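Results of the structural survey
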Amino acid sequence: MLPRQYDERRVLASTVDPWGRALWLICPDTRFPYRWAGRDVPTPAVLPFDALVVISDRGEVRERTLHGVAVDPDAFDALPGGGFVLSGNGGPNARSGQIFGPDGRSRRRLPLGTHLKHLVADRRAGFWTGYADEGIYSGDRVSAGGLVRWDGRGNPAWTLHPPEPYNHVAEVSTINVSNSAVHAMYRPGAPLAQTGRSGTLRIRALPVSDPFGLAIRGDLLLLLGGNEQGIATTTRVNALHHIRLTDAGAVVVGRDDLAFPNGDPVRRYAHPVCRGPHIFLRTLRTLRQWWVLTAP
């Protein structure tokens, strides 16, 4: 929960980092060029600017300053070693990313791709990015990779190249990062890609396609949203599918519906961050609070 002394209207981005800390990136001088999903969307009044990072760690609140932010951030995360990575808007092949060291000073500007959907750091190596179809087909050389692993200095280290018949990657729908392991689902179809620091890739076909959240505990998956083969023809955002992985593939072992603790339904465009057995989720109407859904 963002402490009340901070103005939520100045929050540009928020996430839950690899250590389970809630982070908010705050701009001291914002404007509001448009309204979307029930809230005014802030953007920096000028670039570059000095950003305030608010870190909530099990009730303890700390602040960090990032000096000379030169992108309009829509996603960020904490890196191993104390730094941060930010992703902003920009056309194909633009320098839309920025890496900061533990002293809060800018280390590098770099192309992070266009139409980025997922920016998730891990505890050990660096961070992962996943892209929407508009980015994959945009001509941007980074986004064309679909799913990319980066080291902590911002160098691309791995790109998803699945074998046939799963070789077509149109959009990365969800990504789960735990330490240096990643599980991701992409379209078309319902393939689950699993890899780690070694780069070894395993693909499984799942009975649910296009979820927007994924939690994993051992051989059990929890998928949020998606279409279940033979049952659903449209995506139900609040649907939960419990799946058991097997040597031969996967099978659905349970189904639920998800609502926020206050009773509000989970709606389209709710924002997830998926780490191991947890799906951290927030609504679009507020950036102040994160909820957590844990795979049993």
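You'll find the structure just up there.
Note that the structure is predicted; figures quoted are calculated from it, not measured.

Comments concerning unusual backbone geometry
The omega torsion of the bond from Leu47 to Pro48 falls at -5°, within 30 degrees of zero and hence cis. Cis geometry is found at the peptide bond from Glu164 to Pro165, where omega equals 5°. Tracing the sequence through the fold places Pro165 in the loop between strand 14 (156-159) and strand 15 (171-178). Its identity is not glycine, yet Arg58 carries a phi of approximately 55°, on the positive side. Relative to the assigned elements, Arg58 resides in the loop between strand 5 (49-57) and strand 6 (60-69). What makes Arg58 exposed here is its relative accessible area of 72%.

Description of the side chain of Thr15
Mapping Thr15 onto the fold places it in strand 1 (residues 11-16). Not counting residues within four places of it along the chain, the set of residues in contact with Thr15 comprises Arg21, Ala22, Leu23, Phe76, Asp77, Val273 and Trp290.

Quick look at the pattern of salt bridges
When charged atoms on two side chains of opposite charge get close, those side chains can pair. Summed over all chains, the structure comprises 16 salt bridges. The partner of Asp17 in a salt bridge is Arg21, with the nearest N and O atoms 2.6 Å apart. By the burial criterion, Asp17 is buried, and Arg21 matches it. Taking the shortest distance from any N to any O, the salt bridge between Glu228 and Arg255 comes out at 2.6 Å. On the criterion of sequence distance, the pair formed by Glu228 in strand 22 (residues 227-228) and Arg255 in strand 24 (residues 250-257) is long-range, its members being 27 residues apart. The network of salt bridges with shared partners includes Lys117, Asp133, Glu171, Arg187 and Asp210.

Considering the side chain of Thr114
Along the chain, the position of Thr114 falls in the loop between strand 10 (106-110) and strand 11 (116-121). For Thr114, a relative accessible area of 7% gives the class buried. Look past the residues within four positions of Thr114 in its chain and what remains in contact with it is Gly90, Gly91, Tyr131, Gly135, Ser138, Asp140 and Ser143.

Overview of the sheet that holds strand 14
Spatially, 4 strands are ordered 11-12-13-14 in an open sheet, and the strand pairing comes out antiparallel. Looking along the sheet, the strands with just one partner apiece sit at the ends: strand 11 and strand 14. Within the sheet, the average angular offset between the axes of one strand and its neighbour, ignoring direction, is 20°. Relative to strand 14, strand 13 (residues 147-151) runs antiparallel, the two sharing 3 bridges. Each residue of the ladder has a partner; that of Arg149, found in strand 14, is Trp158.

Points about the packing of aromatic side chains
This model, assessed by the stated rule, comprises 4 aromatic pairs. Between Phe76 and Phe84, the ring centres sit 6.4 Å apart and the planes meet at 25°, which makes this aromatic pair stacked. Classification of Phe76 as buried rests on a relative accessible area of 2%. Ring plane angle 5° and centroid distance 5.7 Å describe the contact between Phe127 and Trp150, whose orientation is recorded as stacked. Of this pair, Phe127 sits in strand 12 (residues 126-131) while Trp150 is found in strand 13, placing the two residues 23 residues apart along the sequence. The residues Phe127 and Trp150 share a single accessibility class, namely buried. The ring of Phe32 has Arg9 sitting right over it, with the charged end atom 4.1 Å from the ring centre.

Definitions and limits used
Residues numbered from 1 in each chain as written. Predicted model: local features only at pLDDT ≥ 70, side-chain atom pairs only at ≥ 80, totals over all residues. Heavy atoms only, no water. Helix = DSSP H or I, 4+ residues; strand = E, 2+ residues; numbered from the N terminus. Buried < 20%, exposed > 50% of the residue type's maximum accessible area, 1.4 Å probe, protein only. Contact = heavy atoms within 4.5 Å. Salt bridge = Lys/Arg side-chain N within 4 Å of Asp/Glu carboxyl O. Pairing = 2+ DSSP bridges. Axes fitted to C-alpha atoms, helices over the stretch in contact; angles between N-to-C directions. Phe/Tyr/Trp six-rings, centres within 6.5 Å; stacked < 30°, edge-to-face > 60°. Lys NZ or Arg CZ within 6 Å of the ring centre and 35° of its normal.

Any link to function would need more than the numbers given here.
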